[in-house]
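# Structural overview
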Amino acid sequence: LDDPGWALWYTDGGASYRDWLAERRSAGEHADFADGIVLRPTIAGDERSPTTALVMDCMLDGGVFLRGDGSLAEGSAWGVGEVGRGARLELVGGAWRLKQIGDTEVACIG
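Residues numbered from 1 in each chain as written. Predicted model: local features only at pLDDT ≥ 70, side-chain atom pairs only at ≥ 80, totals over all residues. Heavy atoms only, no water.

Attention now goes to the state of the cysteines. One way to say it: the disulfide is the covalent bond shared by the sulfur atoms of two cysteines. Under the defined criterion, the tally for this structure stands at 1 disulfide. Residue Cys58 pairs covalently with Cys108 via a disulfide, S to S 2.2 Å. Across the disulfide from Cys58 to Cys108, rotation about the S-S bond amounts to roughly 105°, and the bridge is consequently right-handed. Of the two residues, Cys58 sits in strand S4 (residues 52–61) while Cys108 sits in the segment after strand S7 (95–103), which places them 50 residues apart along the sequence. (Disulfide = S-S within 2.5 Å. Helix = DSSP H or I, 4+ residues; strand = E, 2+ residues; numbered from the N terminus.)

Written out as structure tokens, the structure reads:
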């Protein structure tokens, strides 16, 4: 979580995402991606400009968070499910950086 790379990919240095991960770590939880994650991004054309983009992703997510004893952490479930995410990107200093991300059911429609 202290990697300087966060500043390369997030407009705010990934603060909210890092805080969320830090909470998991302080609870003694860790991520397990044994069932895999498949990203299937698309660019929403109506929200695209030379310096901004909206990326919709209906990913197949088999990742879970586990407690130290190997049991499922709160909010995790075994199996692979479709998870819709929307991400707003901004071109900063010649690089695309994540400005905002959130869950959205719209990403997995059609």
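Structure shown, so let's carry the discussion forward.
Another point: helix H2 (residues 15–26). For H2, spanning 12 residues, the distance from its first C-alpha to its last is 16 Å, which sits close to the expected 16 Å at 1.5 Å a residue. Just beyond H2, the residue with positive phi is Gly28, at close to 80°. (Expected span 1.5 Å × (residues − 1).)

Here the focus is the packing of aromatic side chains. Here a ring pair, both rings aromatic, is described through the centre-centre distance and the interplanar angle of the planes. If you walk through the whole model with that rule in mind, you get 4 aromatic pairs. Connected via pairs of aromatic rings, a cluster forms that spans Trp6, Tyr10, Tyr17, Trp20 and Phe65. (Phe/Tyr/Trp six-rings, centres within 6.5 Å; stacked < 30°, edge-to-face > 60°.)

Before going further, it helps to spend a moment on the pairing of strand S6 (residues 81–92). Relative to S6, S4 is paired through 10 bridges, and the arrangement is antiparallel. Residue pairing for S6: Thr52 is matched across the bridge by Glu90. The antiparallel hairpin formed by S6 and S7 contains 2 residues in its connecting segment, where Gly93 sits at a positive phi of about 60°. (Pairing = 2+ DSSP bridges.)

This paragraph deals with the pairing of S4. Of all 10 residues in S4, 8 are buried; the element is thus mostly enclosed. Across 2 bridges, strand S2 (residues 37–38) lies against S4 in antiparallel orientation. In the strand pairing of S4, Ile37 is matched with Asp61. Pairing of strand S3 (residues 41–43) with S4 involves 3 bridges; the strand directions are antiparallel. The partner of Thr42 across the bridge, within S4, is Met56. (Buried < 20%, exposed > 50% of the residue type's maximum accessible area, 1.4 Å probe, protein only.)

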